[in-house]
Amino acid sequence: MYKKVGYLSFLLIIIFTFSCAVQSVENDSVQLNYPDMVQENYKHYIYKNGSIYLEASIKHAETYELKKKIECKNVNANIYNSKKEITSRLKSDKAVVDNGSSSMIFSGNVEVDKIDKEVTLFTDKLSINYKDNIMTCDNDVVIKKDDGSILKAKTMVSEFKNEVINFTGLDTLYYYEDDETDDANE
């Protein structure tokens, strides 16, 4: 009887040992990525040729040094021209600053107010390559002009240096017609 209990105890100890060993191997394969630094109410600046290019106010930022990225939440940003004048204001739910590719990718309820063009752009995702001075959007863009007109495009590319915005698949959703011009012609 004692021999059977001894064998049973020995068998249970071996099963318990192997189950713990298997458990630890499974846990070792899971790799968690923790940020190197977390900041609240963070200001991020990007400079080109000694002048400010982009200034971002960020509610929550997580910096990952190895990935060369900063993941941001609740972002408000200003883009400046070479004369240090604000040309665009951006808002988004999230953004990723990718120092490896010299870009900043905005996502979630992205709104871009182009001050000099008197238009506001709305989209889900937008990328700014600050090395090449290009803003791109590969998904639907709604353009609201200050005169009340609303346009929709499939994609957009904006060159900051040349101040050119190109749209593909542009459709007019609503066009505002001024009544004053009709009265003047009568």
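Residues numbered from 1 in each chain as written. Predicted model: local features only at pLDDT ≥ 70, side-chain atom pairs only at ≥ 80, totals over all residues. Heavy atoms only, no water.

1. Looking at the packing of aromatic side chains
Applying the stated criterion to the full structure yields one aromatic pair. Sitting over the face of the ring of Tyr64, Lys67 holds its NZ or CZ atom 4.5 Å from the ring centroid. (Phe/Tyr/Trp six-rings, centres within 6.5 Å; stacked < 30°, edge-to-face > 60°. Lys NZ or Arg CZ within 6 Å of the ring centre and 35° of its normal.)

2. What about the confidence of the model for the protein?
On average, residues of the protein score 84 in pLDDT, and 80% of them reach the 70 mark or higher. Segment residues 181–186: pLDDT under 50, and one contact once partners within four positions in sequence are set aside and those in other chains are kept. (pLDDT = per-residue confidence, 0-100. Contact = heavy atoms within 4.5 Å.)

3. What to know about the side chain of Ser102
Here Ser102 shows up in the loop between β4 (86–98) and β5 (103–114). Not counting chain neighbours up to four residues away, the residues in contact with Ser102 comprise Ile128, Asn129, Tyr130 and Lys131. (Helix = DSSP H or I, 4+ residues; strand = E, 2+ residues; numbered from the N terminus.)

4. Description of the nonpolar core
Counting 32 residues, the largest nonpolar core has Leu54, Phe106, Leu126 and Ile128 as the members making the most contacts within it. Each residue touching Leu126, except ones within four places of it in the same chain, is listed here: Leu90, Met104, Ile105, Phe106, Val110, Val112, Met135, Thr136, Cys137 and Met156. (Core = buried A, V, L, I, M, F, W, Y, C linked by side-chain atoms within 4.5 Å. Buried < 20%, exposed > 50% of the residue type's maximum accessible area, 1.4 Å probe, protein only.)

5. Section: the layout of surface pockets
Here the largest pocket is characterised by a volume of approximately 470 Å³. Lining the largest pocket are 22 residues, and of these Tyr80, Asn81, Ser82, Phe160 and Lys161 sit closest to its centre. Mapped onto the lining of the largest pocket, the elements with two or more residues apiece are β2 (51–64), β3 (69–80), β10 (155–159) and β11 (164–168). For the lining of the largest pocket, the leading source of residues is β2, giving three residues. (1 Å grid on protein atoms, 1.4 Å probe; cavity = no way out; pocket = protein on both sides within 12 Å on 5 of 7 lines; lining within 4 Å. Points joined across faces, edges and corners; volume = space filled by probe spheres on them.)

6. Here we look at the pairing of strand β9 (residues 150–153)
Of the two faces of β9, only one is covered, namely that formed by Leu151 and Ala153; the face formed by Ile150 and Lys152 stays uncovered. Two strands pair when backbone bridges link them, and strand β8 (residues 141–145) and β9 are joined in this way by four bridges, in the antiparallel orientation. Looking at the pairing, Ile143 lines up with Leu151 of β9. In this sheet, strand β12 (residues 171–174) lies alongside β9 in antiparallel orientation, the contact comprising three bridges. Bridge pairing in β12 places Leu151 opposite Thr172. (Pairing = 2+ DSSP bridges.)

7. Points about a negative patch on the surface
On the surface, Asp116, Glu118, Asp146, Asp147 and Glu163 cluster together into a negatively charged patch. Its location among the elements puts Asp147 in the loop between β8 and β9. Residue class for Asp147 comes out partly exposed when judged on its relative accessible area of 35%. (Patch = residues over 30% accessible without salt bridge, like charges linked within 9 Å, V, L, I, M, F, W, Y side chains within 5 Å. Areas by Shrake-Rupley, 256 points an atom, 1.4 Å probe, with all protein chains shown as cover. Salt bridge = Lys/Arg side-chain N within 4 Å of Asp/Glu carboxyl O. Lys, Arg positive; Asp, Glu negative; His and termini not counted. Charge placed at Lys NZ, Arg CZ, Asp CG, Glu CD.)

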